[in-house]
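Single-letter residue listing:
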Amino acid sequence: MRKPTKPAQPVAEPVQPVKPTAEQLLAARDTTIPDVAGPGLRVLFCGINPGLWSGATGHHFARPGNRFWPALHRSGFTPRQFRPDEQGELLGLGLGITNVAPRATAKADELTADELRAGGAALTDRVLRLRPRALAVLGIGAYRTGFGRRGAAVGRQPEGIGDTEVWVLPNPSGLNAHYTLDTLAEEFRRLREALER
């Protein structure tokens, strides 16, 4: 006699992001979006600056080609791949997001060195106030300029900020051809595993 089978559970369709219009993207230039942050985080992830998709939607790493959310999941930081509009759920996992420079641009190279240095100083103050266990700056160039560390390499940095470890991870933008999603996730995983030791 065959056992009765459970009815199949409906599979939820993934929510597709609403694509901002050209006008909304243009209007997003130079806007800012709030951090996802609080005191005592395990990791405060720090992008270079918001892109226009992020400025238009108010969500970090919102452009569909950005690999932040898949890398975060594949590295074991999140139990599933979150969408940008679920960014608030990171706080419950001890994770947060901020940026070196606050203003939204089409490309990070639109930022000036002075903006990155000012952003580095403001970020240092933010880290001293929030005291995350680790700060993960996502972009070697922004870290080198923003913090005056010309010889910095990807990985844990010898200099922390107060009690906070500083790590530099690759920029997750789809434009960063030096890293595949797998190699990007591996760098994120190194950070996670170091914090768990």
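Preceding this paragraph is the structure being described.
In short, a report on the structure.

Thresholds, definitions, all that
Residues numbered from 1 in each chain as written. Predicted model: local features only at pLDDT ≥ 70, side-chain atom pairs only at ≥ 80, totals over all residues. Heavy atoms only, no water. Helix = DSSP H or I, 4+ residues; strand = E, 2+ residues; numbered from the N terminus. Buried < 20%, exposed > 50% of the residue type's maximum accessible area, 1.4 Å probe, protein only. Contact = heavy atoms within 4.5 Å. Salt bridge = Lys/Arg side-chain N within 4 Å of Asp/Glu carboxyl O. Core = buried A, V, L, I, M, F, W, Y, C linked by side-chain atoms within 4.5 Å. Pairing = 2+ DSSP bridges. Axes fitted to C-alpha atoms, helices over the stretch in contact; angles between N-to-C directions. Phe/Tyr/Trp six-rings, centres within 6.5 Å; stacked < 30°, edge-to-face > 60°. Arc of directions from axis to C-beta. 1 Å grid on protein atoms, 1.4 Å probe; cavity = no way out; pocket = protein on both sides within 12 Å on 5 of 7 lines; lining within 4 Å. Points joined across faces, edges and corners; volume = space filled by probe spheres on them. Nonpolar A, V, L, I, M, F, W, Y, C, P; charged D, E, K, R; others polar.

## Observations concerning the overall build of the protein chain
Alright, step 1. Each helix and strand in the protein chain was counted, giving 6 helices and 5 strands.
Alright, step 2. For the protein chain, the succession of helices and strands along the chain, N to C, is α-β-α-α-β-α-β-α-β-β-α.
Alright, step 3. Overall, the protein chain is about 75 × 50 × 30 Å in size when its C-alpha atoms are taken along their principal axes.
Alright, step 4. Counting across all 197 residues of the protein chain, residues that qualify as buried make up 45%.

## Quick notes on the side chain of R126
Alright, step 1. By secondary structure assignment, the location of R126 is in helix α4 (residues 113-130).
Alright, step 2. Relative accessible area serves as the criterion here: at 15%, R126 is assigned to the buried category.
Alright, step 3. Every residue in contact with R126, bar those within four places of it in the chain, is listed here: D35, T98 and N99.

## Some points on the pattern of salt bridges
Alright, step 1. What the rule picks out here adds up to 17 salt bridges.
Alright, step 2. For D182, the salt bridge goes to R74, with nearest N and O atoms at 2.8 Å. Separated by 108 residues along the polypeptide, D182 in helix α6 (residues 181-196) and R74 in helix α3 (residues 68-74) bring together distant segments of the chain.
Alright, step 3. In this structure R74 comes out as partly exposed when scored by relative accessible area, which is 43%.
Alright, step 4. One salt bridge in this structure joins R192 and E196, with 2.9 Å as the shortest N-O distance. Within this pair, R192 and its partner E196 are both found in helix α6, separated by 4 residues, close to a single helical turn.
Alright, step 5. If you follow the salt bridges from partner to partner, you end up with R80, R83, D85, E86 and E89 in one network.

## Details of the nonpolar core
Alright, step 1. V43, F45, F68, F188 and L191 are the most contacted members of the largest nonpolar core, which has 25 residues in total.
Alright, step 2. Setting aside its immediate chain neighbours within four residues, F45 contacts F68, L72, F77, L95, G96, I97, T98, A136, L138, L169, F188 and L191.
Alright, step 3. Counting residues in each nonpolar core, the second largest holds 19 residues, with L41, I48, Y143 and V168 among its members.

## Topic: the sheet that holds strand β2 (residues 95-99)
Alright, step 1. Within the open sheet, the 5 strands sit side by side as β2-β1-β3-β5-β4. Their pairing is mixed. With one partner strand each, in any of the chains shown, β2 and β4 (155-156) form the two edges of the open sheet.
Alright, step 2. Contacting β1 (43-47), β2 and β3 (134-138), α4 crosses the sheet at an angle of about 155° to β2.
Alright, step 3. Packing against the sheet, α6 makes contact with β1, β3 and β5 (165-169), and its axis sits at approximately 160° to β5.

## Regarding the packing of aromatic side chains
Alright, step 1. Taken as a whole and judged by the stated rule, the model has 7 aromatic pairs.
Alright, step 2. Centre to centre, the rings of F45 and F68 are 5.6 Å apart; their planes meet at 75°, and the pair counts as edge-to-face. In this pair, F45 is assigned in strand β1 and F68 in helix α3, connecting sequence segments 23 residues apart. The pair F45 / F68 is uniform in exposure class, with both members buried.
Alright, step 3. Summarising the aromatic geometry, the rings of F45 and F77 are spaced 5.4 Å apart at their centres and angled 90° between planes, so their arrangement reads as edge-to-face.

## Considerations on the environment of A121
Alright, step 1. For A121, the position within the fold is in helix α4.
Alright, step 2. Spatially, the C-alpha atom of A121 lies 7.7 Å from that of F147, the residues being 26 residues apart in sequence.

## Let's talk about helix α5 (residues 140-147)
Alright, step 1. Looking only at α5, the buried set comprises A142, Y143, G146 and F147. Each buried residue of α5 sits inside an arc of 100° when the element is viewed along its axis, so together they form one side.
Alright, step 2. Two residues or fewer after α5 comes G148, characterised by a positive phi angle close to 65°.

## Brief notes about the layout of surface pockets
Alright, step 1. Of the volumes computed, that of the largest pocket is approximately 900 Å³.
Alright, step 2. Considering the residues around the largest pocket, the lining is formed by 39 residues, among which N66, A108, N171, S173 and L175 are closest to the centre.
Alright, step 3. Broken down by secondary-structure element, the contributors of at least two residues to the lining of the largest pocket are α2 (52-57) and α5.
Alright, step 4. Class assignment for the residues of the lining of the largest pocket results in 20 nonpolar, 16 polar and 3 charged.

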